[in-house]
Amino acid sequence: GDDNFGRKVITFSCCRMPPSHQLNHTRLLEYLKYNLDHYVENDYMVVYFHYGLKSLNKPSLKWLQTAYKEFDRKYLSFSCIYSVLQSVILKNILTISFSSTRYKKNLKALYVVHPANFIKILWNIFKPLISHKFGKKITYLDYLSDLREHLKYDQLNIPQEVIQHDENLRRKQKGKLSPVVKIPPPRPPLPTQQFGVSLQYIKDKNKGELIPPVMKETVSYLKRKGLQVEGLFRRSASVQTIKDVQKLYNQGKSVNFDDYHDIHIPAVILKTFLRELPQPLLTFECYDHILGITSVESSLRVTRCKQIIHGLPEHNYVVLKYLICFLHMVSHESIYNRMTASSLACVFGLNLIWPSKGTVSLSALVPLNLFTELLIDFYMNIFNSRTVPGE
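In this text, all values refer to a predicted model and were calculated from it rather than measured experimentally. (Residues numbered from 1 in each chain as written. Predicted model: local features only at pLDDT ≥ 70, side-chain atom pairs only at ≥ 80, totals over all residues. Heavy atoms only, no water.)

Draft legend 1. Region of the structure containing the overall build of the protein. What the protein contains, in helices and strands, is 18 helices and four strands. For the protein, with 391 residues in total, the buried portion stands at 50%. Sequence separation of 24 or more characterises 79% of the internal contacts of the protein that already satisfy a separation of 6 or more. About 19700 Å² of surface is accessible on the protein, with carbon and sulfur atoms providing 52% of the total. (Helix = DSSP H or I, 4+ residues; strand = E, 2+ residues; numbered from the N terminus. Buried < 20%, exposed > 50% of the residue type's maximum accessible area, 1.4 Å probe, protein only. Contact = heavy atoms within 4.5 Å. Areas by Shrake-Rupley, 256 points an atom, 1.4 Å probe, with all protein chains shown as cover.)

Draft legend 2. Up close: the confidence of the model for the protein. On average, residues of the protein carry a pLDDT of 81, and 74% of them reach 70 or more. Confidence over residues 72-103 falls short of pLDDT 50; this stretch has 85 contacts with residues more than four positions distant or in other chains. (pLDDT = per-residue confidence, 0-100.)

Draft legend 3. View of the pattern of salt bridges. What the rule picks out here adds up to three salt bridges. Notably, a salt bridge pairs Asp166 with Arg170, separated by 3.7 Å at the nearest N-O pair. With Asp166 and Arg170 both in helix H7 (residues 160-173), this residue pair falls four residues apart, about one helical turn. Between Asp258 and Lys225 there is a salt bridge whose closest N-O contact spans 2.8 Å. On the criterion of sequence distance, the pair formed by Asp258 in the loop between helix H10 (239-250) and helix H11 (264-275) and Lys225 in helix H9 (residues 213-225) is long-range, its members being 33 residues apart. For Asp258, a relative accessible area of 34% translates into the label partly exposed. Owing to a relative accessible area of 44%, Lys225 belongs among the partly exposed residues under this scheme. (Salt bridge = Lys/Arg side-chain N within 4 Å of Asp/Glu carboxyl O.)

Draft legend 4. Structural context of the nonpolar core. One finds Phe233, Ile309, Leu320 and Phe348 to be the most contacted residues of the largest nonpolar core, which totals 71 residues. In terms of residue count, helix H14 (residues 314-332) provides more of this core than any other element does, nine residues in total. If sequence neighbours within four positions are ignored, Phe233 has contacts with Leu222, Ala267, Leu270, Lys271, Phe326, Leu327, Val330, Leu344, Val347 and Phe348. If you look at the next biggest cluster of nonpolar residues, it comprises 16 residues, including Val47, Tyr111, Leu147 and Tyr153. (Core = buried A, V, L, I, M, F, W, Y, C linked by side-chain atoms within 4.5 Å.)

Draft legend 5. Main features of the packing of aromatic side chains. Counted under the stated rule, the structure contains seven aromatic pairs. With a centroid separation of 5.5 Å and 55 degrees between ring planes, the pair formed by Tyr221 and Phe257 is classed as tilted. With Tyr221 in helix H9 and Phe257 in the loop between H10 and H11, the pair connects residues that are 36 residues apart, well separated along the chain. The class for Tyr221 is buried, based on a relative accessible area of 9%. (Phe/Tyr/Trp six-rings, centres within 6.5 Å; stacked < 30°, edge-to-face > 60°.)

Draft legend 6. Molecular detail of the sheet that holds strand S1 (residues 8-13). Overall, parallel pairing links the four strands, which are arranged S1-S2-S3-S4 in an open sheet. If you trace the sheet from one side to the other, it starts and ends with S1 and strand S4 (138-141), each paired once. In this sheet, neighbouring strand axes are inclined to one another by 20 degrees on average, regardless of whether the strands run parallel or antiparallel. Of the pairings in the sheet, the one linking strand S2 (residues 44-49) to strand S3 (residues 107-113) comprises six bridges and is parallel in character. Its bridge partner being in S3, Val46 is matched across the sheet by Leu110. (Pairing = 2+ DSSP bridges. Axes fitted to C-alpha atoms, helices over the stretch in contact; angles between N-to-C directions.)

Draft legend 7. Seen up close, helix H16 (residues 341-352). Where burial is concerned, most of H16 is hidden: ten out of the twelve residues are buried. For H16, every residue scored as buried is listed here: Ala341, Ser343, Leu344, Ala345, Val347, Phe348, Gly349, Leu350, Asn351 and Leu352.

Draft legend 8. Spatial organisation of the packing of H11 against H16. Running from amino to carboxyl end, H11 crosses H16 at an angle of 30 degrees, the nearest separation of the two axes being 8 Å. Each of Leu270, Lys271, Leu274 and Arg275 in H11 lies in contact with H16, whose residues at this interface are Val347, Phe348, Leu350, Asn351 and Leu352. Its residues assigned to classes, the contact of H11 with H16 comprises six nonpolar, one polar and two charged. (Nonpolar A, V, L, I, M, F, W, Y, C, P; charged D, E, K, R; others polar.)

Structure representation (C-alpha cells):
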C-alpha cells in the first residue's frame, strides 16, 4: 500500500514466519531481495507486526550474519530494520546501525506494531549508540487503529492473527481506557477544495476548467524548473510543508513554490493530488483491463492501451493526457534527471490506478507499471486520435 503522501509501504508479519527448521533461508534472502528491488530506490516505509515472533521461528544469529553479508549496499536499510527488530541480537543492532546511510535515506519511517516491552527497553538502552536520524524514524504503535494517522490503513494486508491479537489487547484494556470520544461527521468540502474531492467537483467550482488548478500549477512550475533535476518524483519533502501547501490550495490561496526552495515539493503535491482523488484517474472500471496487459502480445500492447484509454470518461481522458504529456517530457530529459519512462511508471503507476477494494498485490505491480510505462513511451501514438470539446 501507500502512506498519505504516496510513499510505498512494506509490511513484515512475524506470525507468518514458519519454524526456523522448516525455512529455506537461502530462498528467503532471495525473496527479500526480489521484493525490495521494487521499492528501495524510492522513498518507502516499513510496518513491522511484532506479534507472532517466538523462539520457534526467531532467526538465529548465524542467519542474521549471513543476511548481513548477502545484502549489498542497496539493501542495508532493510537489513538494518530487520536486525533491529530481532532485538535479542544486540551485536547486529550496533553493527548495522553504523553501516552505510546511502540507502537508509529512502526509508522514511518504521512503524513497530504491538511491540514487546523488551524491545522498547533494549532500544532505549542502545539508542544513544545508534544513528540519531535512524532513531527518529521509529514509531511504536500499541494498536492497529494508530496506523490510520500515518497511512492508508485499508490498503494493508494484515494477517487475521494480528487483528485477533489487537482485539484481545483492547478487551484487556477496556476497563483502563478512557471513554471513546464520538467523532463528528466530516465537514463538507470547501468551495475551493482541491484535495480529496472529485474532478467533477473541482471543475464545477472553477468555471468549467478541465485541468485542476493544483495540477496546472505544479506541472507548469516543474516544466520551467524541474525537468533536469536528478531523481525528480523519487524524493519526498517535509510532511508538514506538504500539509501547509495542501491547506493553502484547499483554502483557495495562492502558492508560490519559489518560497519553499525545494523542487520536490511541487512534485510531491502533484502525486498527492492524484492519490487523494476519490476514484483513481484511470477509474476503478479499468483496473482489471489494465491487469490483462501482460497477456497481450507485445506487438499489440500499445493498441490495447489505446483501446482502454479511449474508454475513459472525457474529463478523465483530458486530465490523463495532460499529465502523460508532461511525464513524456520528463522522460526525454532522463540523461539528466535519470527518470526514464520505466522509472516514472514505478512512481506514478499506483497513483493512477488502484482497486476499489483491498490493496494492490505484488503480482499486480508488473502490469500496472508496464501499462503506465507504455502510456509515457508511446504518448503520441496513444493520445493522437481522440479530441474532447474544451480540451
